[in-house]
Amino acid sequence: MLNIEIDGKPLEVEHGSTIIDAADAVGIAIPRFCYHKKLSVAANCRMCLVQVEKFNKPLPACATPVADGMKIYTRSKASVEAQKSVMEFLLINHPLDCPICDQGGECDLQDIAVAYGASGSRYTEEKRVVFNKNIGPLVSTDMTRCIQCTRCVRFLKEVGGMQELGLVNRGEHAEITAYVDQSVNSELSGNIIDLCPVGALTSKPFRYSARSWELVRRPSIAPHDGLGSHVEVHVKDNKVMRILPREKESINECWLSDRDRFSYEGLNSPDRLKVPMIKHNGQWQETDWKTALEFAAGQLKDITKQYGGDALGVLVSPNSTMEEGYLIKQLAEGLGCGNVDYRLRQTDFRLDGKRTGTPWMGCNIQEIEELDRILLIGSNIRNEHPLLAQRIRKAVANGAELSIVSPLDNDPLMDIAHKVIVRPNDMVNVLGQILKGMSGLQKLSLCLPPTLNKLLEEIQVRPNTQKIAESLAGIREDLILIAPKVGIFLGNMALSDPRFTEMYSMAEAIGGISGAKGGILPPAANSTGMHMIGVMPAATGMHARAMLEVPRKAYLLLNIEPELDCQHAALANEAMAKAECVVALTAYKSSALENADILLPIAPFTETSGTFMSMEGRVQSFQAATRPLGECRPGWKVLRVLANTLGLPGFDYNSSEEVKNAVFNGEKPSAVVWRSLNNNLKELVEIQVNIKKLGLQRIGEVPQYESDPIVRRSTPLQKTKYNIRPMARMHGEQLAELGLQDGDIVVARQDKGSAVLKVRLDNHVAKGCVRVAAAHPLTVGLGDLMGDITIEKAAAEQVVIYEKQLTEMA
């Protein structure tokens, strides 16, 4: 610790701190533009100049480390004159267009100019003009206002992982620009809007729609991935105008992914369902709540009475709140139905009943940065959890080694120490090799199922998998790390795979040897919470896949669009079409719900209160930011009244808080959570490692901007490069084998369904695989996300159908 003095105040600070750190710690304001606590120090704006005793000129507070006995003066005559001079220079070329600037009212330059600027300028020369750049559908530019603080440049390089903006030219000709004719494509790009201290970078969707002082700010929780980011919802006239991050160091720091930031545009979609609807003679008719609920209750009661509770299937979105999940489970039990599930994109359920607790991430989000070794299995981390990818990026920058086992060789924008890119079906074999390599390094006799022990004897460990084993064990060519901190995580592609059980068991065995933390990285906001409160089939009930394979007489859907949210789109469509009655609680009316019979409008996350549980087990409640649109009602209320209409006992809740208390049985949520979370298996399952399959295998990744109904309807996100239409993407060698070329039109077939697609050369895809995006109208005729697939060249009439589809979508 060092003893210093700032403006006469004695202070004790850590060695290595800068003057601006010390001043911020005691609440002494030093003006700044280029400095940001999460970015490297540039010291190029010079606004933070301060006087330091024994120095003959002012020093930049952001770049000057403190020394013992240092005396600093932030408000002395020399400091104020230096700061005023810098302010004058900054305003020489800055346009005087505050009344029309979107940053007006929350502009750092405005605030600091009031304190340090003069009443008029001494410069009468013509101000310079910089042409605006089109850097994509999310960020709008007014580059004449730019003061070259380079925050945006540093963010995209240091946090985003790729330098997409840069500073060119010098002096008064300097300007921030992208590469020639390139847009900014980072999945975190919206953060440069928050970072910009002037009006040079603003939100394109929000532009000219409201003034900052007109907005009411309400806290909430992001509903699109398992991170549980803290957000601030800005509302005007009962309409969500924009969403910004709330600072929460242990979760999202001060950042927000573009999916969480711009998805609000989907809340105001024309598809919003505002009144209950009943299908009569094939036509939708609007009705009142009483009629709709009585009709729905009557239909459900009749079918369960006639065929038994097993005739009903209940499918729940994992993005629903814990309150909604709890009530729909209780409602199903009241009808004698054990067929309830939230695992819509899962196909392997062999672990049911074999776990000792609720599967979760296996560590806290902040702990990711402290890991020395990380193994990602079946995960495109940037697509699935953009802010978690940023944490891993920090760990790698701090010296961690990242290893990847995946069917996709996507660039995570960080150094990868080791990677094995294979077909999804072969990932189990690779994990077996890593396990054998680890056991050999540690000289352990593993307590494994006999079949696995036998198979491990036969497995040959290849050099690349041996490298991963050595990495996890802490061995490097230049050193041996004693007891490295290891993290092993399974991503969305692993969760969707038919051999997920084997992957999970292998990962647990590897983790047992290496002492690793880790678990699953669930895709949705409340997957972990749904599992903990048991929104899953009863002992004799059906899981989500079984409910579609053996169609039920009736379905109750909560917040889902079956053909877009289920693992097997064609199977889901067929099951809904065969049902006698489909009751959908939904915020949207769409073609994906054409087979429904009753639509009950429920409120999205901004219009209801509720609770999400993140993948690290953090229970976070939120309140409604706006009133429900039209006749929409919170989902928990609709379920409560539906249960009352059915005559079921125990549904007398008056608030979501009462439902939450019932969820946790009146206990403190954290106590229940930490008693429940456990990734361990009761026993490792029997595993077949050396299964060899011929033919092509599909990689049905769900694009991040197609992940749920709200995101799918956000127009700005749909315009990004991440939302290009699905194609049949294959490795160059695979194309040559099939006699295809980039740009050909082909027919992809799975089970009984098919889709006409364009071929795209993509050497990031493992040989033997076809990457075809899911959750899209073009691919709803296909089957399992990770199933077998065939590709054949399209006939002339099929090409015509394909072109017609594209025209209709446009």
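Given the structure is predicted, the values throughout are model-derived calculations rather than measurements.

**Points about the sheet that holds strand S11 (residues 230-236)**
Two orientations exist for strands paired in a sheet by backbone hydrogen bonds: parallel and antiparallel.
Argument step 1. The strand order across the open sheet formed by 3 strands is S10-S11-S12, and the pairing between neighbours is antiparallel. Of all strands in the sheet, those with a lone pairing partner are strand S10 (216-221) and strand S12 (239-245), marking the two edges. Across the sheet, the axes of successive neighbouring strands diverge by a mean angle of 30°, strand direction being ignored.
Argument step 2. Pairing of S10 with S11, which is carried by 6 bridges, proceeds in the antiparallel orientation. Its bridge partner being in S11, isoleucine 221 is matched across the sheet by histidine 230.

**Comments concerning unusual backbone geometry**
Argument step 1. If you check the backbone angles, glutamine 148 has positive phi at about 55° while not being a glycine.
Argument step 2. Within the fold, glutamine 148 resides in the loop between strand S6 (139-141) and helix H4 (151-158).
Argument step 3. Positive phi outside glycine occurs at alanine 775, with the angle close to 55°.
Argument step 4. Topologically, alanine 775 is positioned in the loop between strand S31 (769-771) and strand S32 (788-793).

**What to know about the sheet that holds strand S3 (residues 49-52)**
Argument step 1. Ordered in space as S2-S1-S5-S3-S4, the 5 strands form an open sheet in which the pairing is mixed. Looking at strand neighbours, the two that pair on one side only are strand S2 (9-13) and strand S4 (59-60), the edges of this open sheet.
Argument step 2. For S3 and strand S5 (residues 71-73), the ladder comprises 2 bridges, and the chain directions are antiparallel. Across the sheet, residue valine 52 finds its bridge partner in S5, namely isoleucine 72.
Argument step 3. Each of S3 and S5 touches helix H2 (residues 77-92); the most contacted strand, S3, lies at about 160° to it.

**Remarks on the side chain of threonine 64**
Argument step 1. Looking at where threonine 64 falls in the secondary structure, it is placed in the loop between S4 and S5.
Argument step 2. The exposure class assigned to threonine 64 is buried, which follows from its relative accessible area of 11%.
Argument step 3. Excluding residues that lie within four positions of it along the chain, threonine 64 makes contacts with Ser17, Thr18, Ile19 and Leu59.

**Let's talk about the pairing of strand S14 (residues 283-286)**
Argument step 1. Sheet analysis places strand S13 (residues 277-280) next to S14, joined by 4 bridges and oriented antiparallel. Across the sheet, histidine 280 pairs through a bridge with glutamine 283, a residue of S14.
Argument step 2. In this antiparallel pair of consecutive strands, S13 and S14, the connection spans 2 residues, and asparagine 281 shows a positive phi of 55°.

**Regarding the pattern of salt bridges**
Argument step 1. Under the defined criterion, the tally for this structure stands at 51 salt bridges.
Argument step 2. Between arginine 122 and glutamate 88 there is a salt bridge; the shortest N-O distance is 2.8 Å. One end of the pair, arginine 122, is in the loop between helix H3 (108-116) and S6; the other, glutamate 88, is in helix H2, and 34 residues separate them in sequence.
Argument step 3. Judged by relative accessible area, which is 66%, arginine 122 ranks as exposed.
Argument step 4. On the basis of relative accessible area, glutamate 88 is assigned to the partly exposed category, the value being 23%.

**Observations concerning the packing of helix H7 (residues 289-307) against helix H20 (residues 635-646)**
Argument step 1. Where H7 meets H20, the closest approach of the two axes is 9 Å, and the angle between their N-to-C directions is 60°. By the criterion of interaxial angle, the relationship of H7 to H20 is oblique. Helix-helix and strand crossings are classified by hand; for H7 and H20 the assignment is right-handed. Along the contact surface, H7 presents Trp289, Leu293, Glu294, Ala296, Ala297, Leu300 and Lys301, while H20 presents Val638, Val641, Leu642, Thr645 and Leu646.
Argument step 2. For the contact of H7 with H20, the class distribution of residues is 9 nonpolar, 1 polar and 2 charged.

**Focus: the packing of helix H8 (residues 322-334) against H20**
Argument step 1. The contact between H8 and H20 brings their axes to 9 Å, and the two run at 15°. When the axes of H8 and H20 are compared, the pair comes out roughly parallel. Viewed along their axes, H8 and H20 form a crossing whose handedness is left-handed. Only Gly635, Trp636, Leu639, Leu642, Ala643 and Leu646 of H20 make contact with H8, whose side of the interface consists of Glu323, Glu324, Leu327, Ile328 and Leu331.
Argument step 2. Here the contact of H8 with H20 is composed, by residue class, of 8 nonpolar, 1 polar and 2 charged.

**Quick look at the UniProt feature "domain: 4Fe-4S Mo/W bis-MGD-type" (unreviewed entry) in the chain**
Argument step 1. UniProt feature "domain: 4Fe-4S Mo/W bis-MGD-type" (unreviewed entry): in the numbering of this structure it lies at residues 215-271.
Argument step 2. Between the end C-alpha atoms of residues 215-271 the distance is 25 Å, and the span holds 9% helix and 35% strand.

**So, H7**
Argument step 1. Its 19 residues place the ends of H7 27 Å apart at the C-alpha level, agreeing with the 27 Å of an ideal helix rising 1.5 Å per residue.
Argument step 2. Considered for burial, the residues of H7 that qualify are Trp289, Ala292, Leu293, Ala296, Ala297, Leu300, Ile303 and Thr304. Along the axis of H7, the buried residues cluster in a sector spanning 140°; they form a single face. Along H7, exposed side chains directed more than 90 degrees from the buried face belong to Lys290, Lys305 and Gln306.
Argument step 3. Buried positions along H7 lie against S13, strand S15 (312-316), strand S22 (554-558), strand S23 (581-586), strand S24 (598-601) and H20.
Argument step 4. Its side-chain oxygen at 3.1 Å from the backbone nitrogen of lysine 290, aspartate 288 defines the N-terminal cap of H7.

What counts, and where the lines are drawn
- Residues numbered from 1 in each chain as written.
- Predicted model: local features only at pLDDT ≥ 70, side-chain atom pairs only at ≥ 80, totals over all residues.
- Heavy atoms only, no water.
- Pairing = 2+ DSSP bridges.
- Helix = DSSP H or I, 4+ residues; strand = E, 2+ residues; numbered from the N terminus.
- Axes fitted to C-alpha atoms, helices over the stretch in contact; angles between N-to-C directions.
- Contact = heavy atoms within 4.5 Å.
- Buried < 20%, exposed > 50% of the residue type's maximum accessible area, 1.4 Å probe, protein only.
- Salt bridge = Lys/Arg side-chain N within 4 Å of Asp/Glu carboxyl O.
- Parallel < 35°, antiparallel > 145°, perpendicular 65-115°, else oblique.
- Left-handed = near helix turned anticlockwise from the far one by under 90°.
- Nonpolar A, V, L, I, M, F, W, Y, C, P; charged D, E, K, R; others polar.
- UniProt positions renumbered as here; feature names shortened; annotations may be inferred.
- Expected span 1.5 Å × (residues − 1).
- Arc of directions from axis to C-beta.
- Polar contact = N/O pair within 3.5 Å; in protein donor to acceptor, adjacent residues only side chain to side chain.

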